[in-house]
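Given next are the chains, with one letter for each unit.
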There are 2 protein chains.
Amino acid sequence: MLKRTNKSTAHRKFSPSGALVREPASFELSFPNRGTNKQIEEGMLFMPKFSGNGLIPCVTRDVHSGEVLMLGYMNREALSLTIQTGYAHYWSRSRNQLWHKGERSGQSQPVREILIDDDQYCVLLKVHLTSGASCHVGYRSCFFRRLERGDDRTAFRASLSGAQQGVRPLQGIRWAGA
Amino acid sequence: MLKRTNKSTAHRKFSPSGALVREPASFELSFPNRGTNKQIEEGMLFMPKFSGNGLIPCVTRDVHSGEVLMLGYMNREALSLTIQTGYAHYWSRSRNQLWHKGERSGQSQPVREILIDDDQYCVLLKVHLTSGASCHVGYRSCFFRRLERGDDRTAFRASLSGAQQGVRPLQGIRWAGA
């Protein structure tokens with residue numbers, strides 16, 4: 001089930017002097033091939049779908065508060081490392097490299113549960129938040145702004161201090177609401 | 001801010017006899033153009049990013065339990081209709097058409113809050129679940145299966161009855177865990 005791979009260069013880093021630092025080759029799991037719709041949707045085998053760009057989306061939530069922290073993306077290596085190490089790894093689309101969440105920021109995400117949705121197109125991680133923040137802007141969740149609703153501009157205002165969660169009202173589009 | 005559009009054909013349907021049924025043209029909001037990184041990440045304007053395929057991902061959670069129900073996708077029309085009507089609309093990638101959630105299944109999702117993440121690449125809806133289920137397989141959440149952890153095959157088993165939430169263990173990949 002485990003195979004050593006050296007196809008990916010995502011784990012390569014350069015030292016400050018510019019020399020290539022060769023890190024240990026990563027492990028990549030061999031995920032089962034996709035089956036029939038019934039096997040995928042109701043079966044008991046983990047058959048994650050990596051789309052054309054090799055990525056699967058991943059919703060990450062706080063295991064304690066239930067708060068949704070972020071939407072990330074994983075390639076096979078990132079998902080393998082998450083499963084094997086118990087720490088969240090993603091594929092950074094902006095930096096185009098493997099991203100061990102918290103490696104630089106200290107905002108690591110020890111994983112408590114790994115779930116998959118019905119068509120196995122999306123992973124859900126429940127993580128323990130080790131620092132006060134998960135979002136690089138400084139909030140606990142990346143979802144720190146919400147649309148205003150109707151005419152009450154103050155309805156969704158909330159206090160905001162440091163890394164504490166505050167939800168700010170967004171302007172530009174008014175939400176009629178339900 | 002509102003413009004009537006007839007560019008989209010997503011709202012067109014065919015009757016059983018094959019005749020084109022012309023439904024009222026939908027409304028589409030004019031979302032602001034994307035700004036600088038600082039405006040996008042820390043500003044107060046709603047500037048959702050629709051990717052190359054015209055879609056933005058949307059995480060939907062139960063406003064009461066906090067449970068993550070599904071990951072969907074929205075085009076401009078679906079997001080506009082969600083904002084304007086207060087009911088969740090998505091773009092169905094499998095059927096390639098606008099999807100008013102619950103229109104057929106009765107599993108509609110009245111929206112209580114609409115949030116956006118830091119880079120405005122993902123929408124978060126908090127919805128009130130009107131029926132016992134959100135997932136077409138019959139579960140409350142689409143994330144009804146989770147990976148087993150280590151050697152304890154029974155650790156994550158849960159009871160399962162009807163539309164009630166049960167989380168089933170997945171086999172095939174063993175999770176080392178944290």
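Here is a short report on the structure shown in this document. (Residues numbered from 1 in each chain as written. Chains lettered and ligands numbered in written order. Predicted model: local features only at pLDDT ≥ 70, side-chain atom pairs only at ≥ 80, totals over all residues. Heavy atoms only, no water.)

**A word on the pairing of strand β5 (residues 56-62) of chain A**
Residues and elements named next belong to chain A.
So, step 1. Within β5, seven of the seven residues are buried, which leaves the element mostly enclosed by the surrounding structure.
So, step 2. Side-chain alternation along β5 places Ile-56, Cys-58, Thr-60 and Asp-62 on one buried face and Pro-57, Val-59 and Arg-61 on a second face that is also buried.
So, step 3. Sheet topology places β5 next to strand β6 (residues 68-74); six bridges connect them, and they run antiparallel. The residue bridging Val-59 from the neighbouring strand is Leu-71, located in β6.
So, step 4. If you look at the hairpin formed by β5 and β6, you'll find five residues sitting between the two strands, and Gly-66 has a positive phi there, around 85°.
So, step 5. Pairing geometry for β5 and strand β10 (residues 123-127), over five bridges, is parallel. Residue pairing in the sheet places Val-59 in a bridge with Leu-124 of β10. (Buried < 20%, exposed > 50% of the residue type's maximum accessible area, 1.4 Å probe, protein only. Helix = DSSP H or I, 4+ residues; strand = E, 2+ residues; numbered from the N terminus. Pairing = 2+ DSSP bridges.)

**Things to note about the pattern of salt bridges**
Residues and elements named next belong to chain B.
So, step 1. Scanning the entire structure with this criterion turns up eight salt bridges over all chains.
So, step 2. Here Arg-140 ties to Glu-67 by a salt bridge, and the two come within 2.9 Å at their closest N and O atoms. Of this pair, Arg-140 sits in the loop between β10 (123-127) and β11 (145-149) while Glu-67 sits in the loop between β5 (56-62) and β6 (68-74); the two residues are 73 residues apart in sequence, bridging distant segments of the chain.
So, step 3. Overall, the relative accessible area of 26% leaves Arg-140 in the partly exposed class.
So, step 4. Between Lys-126 and Glu-113 there is a salt bridge, with the nearest N and O atoms lying 3.6 Å from each other. One end of the pair, Lys-126, is in strand β10; the other, Glu-113, is in strand β9 (residues 111-116), with 13 residues separating them in the sequence. (Salt bridge = Lys/Arg side-chain N within 4 Å of Asp/Glu carboxyl O.)

**Concerning the packing of aromatic side chains**
So, step 1. Inspection of the entire model under this criterion finds eight aromatic pairs over all chains.
So, step 2. Where B:Phe31 meets B:Phe46, the ring centres are 5.9 Å apart and the plane angle is 70°; that geometry is what we call edge-to-face. Of this pair, B:Phe31 sits in the loop between β4 (27-29) and α1 (37-42) while B:Phe46 sits in the loop between α1 and β5, placing them 15 residues apart in sequence. The pair formed by B:Phe31 and B:Phe46 is uniform in burial state, with each residue classed as buried.
So, step 3. Judged by centre distance (5.7 Å) and plane angle (45°), the rings of B:Phe31 and B:Phe50 are tilted. Taken as a pair, B:Phe31 in the loop between β4 and α1 and B:Phe50 in the loop between α1 and β5 lie far apart in primary sequence, 19 residues in all. By the burial criterion, B:Phe31 is buried, and B:Phe50 matches it.
So, step 4. Here a set of aromatic residues connected by ring pairs shows up, and it is made of A:Phe31, A:Phe46 and A:Phe50. (Phe/Tyr/Trp six-rings, centres within 6.5 Å; stacked < 30°, edge-to-face > 60°.)

**Brief notes about helix α2 (residues 76-85) of chain B**
Residues and elements named next belong to chain B.
So, step 1. The buried fraction of α2 amounts to seven of the ten residues, a majority that puts the element mostly inside the structure.
So, step 2. Buried within α2 are the following residues: Glu-77, Ala-78, Leu-79, Ser-80, Leu-81, Thr-82 and Ile-83.
So, step 3. Remark: Gly-86 follows α2 within two positions and exhibits a positive phi of approximately 80°.

**Some thoughts on the side chain of B:Gln107**
So, step 1. Take B:Gln107: it is sitting in the loop between β8 (97-100) and β9.
So, step 2. Setting aside anything within four residues of it in sequence, one finds B:Gln107 in contact with B:Lys101, B:Gly102, B:Thr130, B:Ser131, B:Ala133, B:Ser134 and B:Cys135. (Contact = heavy atoms within 4.5 Å.)

**Description of the state of the cysteines**
Residues and elements named next belong to chain A.
So, step 1. Throughout the structure, instances matching the rule amount to zero disulfides over all chains.
So, step 2. Note on Cys-58: no disulfide assigned, nearest cysteine sulfur contributed by Cys-122 at a separation of 6.8 Å.
So, step 3. What makes Cys-58 buried here is its relative accessible area of 0%. (Disulfide = S-S within 2.5 Å.)

**What to know about the environment of B:Val59**
So, step 1. Relative to the helices and strands, B:Val59 is located in strand β5.
So, step 2. For B:Val59, a relative accessible area of 0% puts it in the buried group.
So, step 3. Remark: the alpha-carbon pair of B:Val59 and B:Leu125, spanning 66 residues in sequence, is separated by 6.3 Å.
So, step 4. Setting aside chain neighbours within four positions, we find B:Val59 in contact with A:Val59, A:Val68, A:Leu71, B:Val68, B:Met70, B:Leu71, B:Cys122, B:Val123, B:Leu124 and B:Leu125.

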